[in-house]
Amino acid sequence: TDLPVPARLSEGIRFDNVSFAYPGTERLVLENVSLNLPAGAVVAIVGENGAGKTTLVKLLSRFYEPNHGAILVDGRPLSRMPADSWRQRLAGAFQDFFRFELVARHSIGVGDVPRLDDVDAVTTAVDPAGSADVVDKLPSGLATQLGPAWPEGVEVSFGQWQKIALSRGF
């Protein structure tokens, strides 16, 4: 990798004729996809199960590289930027999230490990995720141990786990 990750997007991100098949298969999940994500825009990608929405995000996150085509960041190849530096600029919450049975503050805080114990940062991540109602109902708020296997651990519903995972993304 020889290109720096931009501090701020000016043009945006472009998928240019991207095709992709998961390792070990030949079936293309994406075929010649071209997509422009302008800097500062809010974009929703909607489609049926198996349409490739999650695959687009995984490619954007550099969990995989396209088999064909390129992903461009401000006109420069994402493949030439350090994956770890790029991922520090991203946040996401996937369908297959993990249930971290930790104190609620840490279950959210692992989304930004350097600020794991920064209560203000964790609290700030709760509102945009719409999980304030979950945290407010916990017996000790963000200090509540999650998971019934732990002493005084609290079980939360699948939907509540989803909201905690979404907070982790923020």
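None of these values were measured; they are calculated from a predicted model. (Residues numbered from 1 in each chain as written. Predicted model: local features only at pLDDT ≥ 70, side-chain atom pairs only at ≥ 80, totals over all residues. Heavy atoms only, no water.)

## Here we look at the overall build of the chain
Phase 1: For the chain, the helix and strand inventory stands at 6 helices and 4 strands.
Phase 2: Mapped in sequence order, the helices and strands of the chain form the string β-β-α-β-β-α-α-α-α-α.
Phase 3: Summarising the internal contacts of the chain: among those between residues at least 6 apart in sequence, 60% fall at separations of at least 24.
Phase 4: Accessible area for the chain stands at about 10400 Å²; split by element, carbon and sulfur atoms hold 52% of it. (Helix = DSSP H or I, 4+ residues; strand = E, 2+ residues; numbered from the N terminus. Contact = heavy atoms within 4.5 Å. Areas by Shrake-Rupley, 256 points an atom, 1.4 Å probe, with all protein chains shown as cover.)

## Here's the deal with the environment of Gly141
Phase 1: Here Gly141 shows up in the loop between helix 5 (132-137) and helix 6 (158-169).
Phase 2: Along the sequence, Gly141 and Ser79 sit 62 residues apart, while their C-alpha atoms lie 42 Å from each other.
Phase 3: If we ignore the near neighbours within four places in the chain, the residues touching Gly141 are Ala104 and Val135.

## Observations concerning the pairing of strand 3 (residues 68-73)
Phase 1: As defined by bridge partners, strand 1 (residues 12-20) adjoins strand 3 across 5 bridges and the pair is classed as antiparallel. Paired with Arg14 across the two strands is Leu72, which belongs to strand 3.
Phase 2: By the bridge criterion, 2 bridges tie strand 3 to strand 4 (residues 76-77) in an arrangement that is antiparallel. Pairing of Leu72 across the sheet is with Pro77, part of strand 4.
Phase 3: The antiparallel hairpin formed by strand 3 and strand 4 contains 2 residues in its connecting segment, where Asp74 sits at a positive phi of about 50°. (Pairing = 2+ DSSP bridges.)

## Thoughts on the sheet that holds strand 1
Phase 1: Spatially, 2-1-3-4 is the arrangement adopted by the 4 strands of the open sheet, whose pairing is antiparallel. Every other strand in the sheet has two partners, leaving strand 2 (30-38) and strand 4 as the edge strands with one partner each.
Phase 2: Packing of helix 1 (residues 53-60) onto the sheet brings it into contact with strand 1, strand 2 and strand 3, and relative to strand 1 it is tilted by some 115°. (Axes fitted to C-alpha atoms, helices over the stretch in contact; angles between N-to-C directions.)

## A short note on helix 6
Phase 1: In this model, helix 6 (12 residues) spans 17 Å end to end at C-alpha, consistent with the 16 Å of a helix rising 1.5 Å per residue.
Phase 2: Residues of helix 6 that are buried: Trp161, Ile164, Ala165, Ser167, Arg168 and Gly169.
Phase 3: Next to the buried residues of helix 6 lie helix 3 (104-109), helix 4 (119-126) and helix 5. (Expected span 1.5 Å × (residues − 1). Buried < 20%, exposed > 50% of the residue type's maximum accessible area, 1.4 Å probe, protein only.)

## Some remarks on the packing of aromatic side chains
Phase 1: The full count for this structure, using the stated rule, is 5 aromatic pairs.
Phase 2: Ring geometry for Tyr22 versus Tyr64: centroids 5.2 Å apart, planes at 90°, classification edge-to-face. Here Tyr22 is found in the loop between strand 1 and strand 2, whereas its partner Tyr64 is found in the loop between helix 1 and strand 3, with 42 residues between them in sequence.
Phase 3: Judged by its relative accessible area of 22%, Tyr22 is partly exposed.
Phase 4: Take Tyr64: its relative accessible area is 28%, and that puts it in the partly exposed class.
Phase 5: Summarising the aromatic geometry, the rings of Phe97 and Phe158 are spaced 5.5 Å apart at their centres and angled 45° between planes, so their arrangement reads as tilted. Of this pair, Phe97 sits in the loop between helix 2 (83-87) and helix 3 while Phe158 sits in helix 6, and the two are 61 residues apart along the sequence.
Phase 6: Take Phe158: its relative accessible area is 46%, and that puts it in the partly exposed class. (Phe/Tyr/Trp six-rings, centres within 6.5 Å; stacked < 30°, edge-to-face > 60°.)

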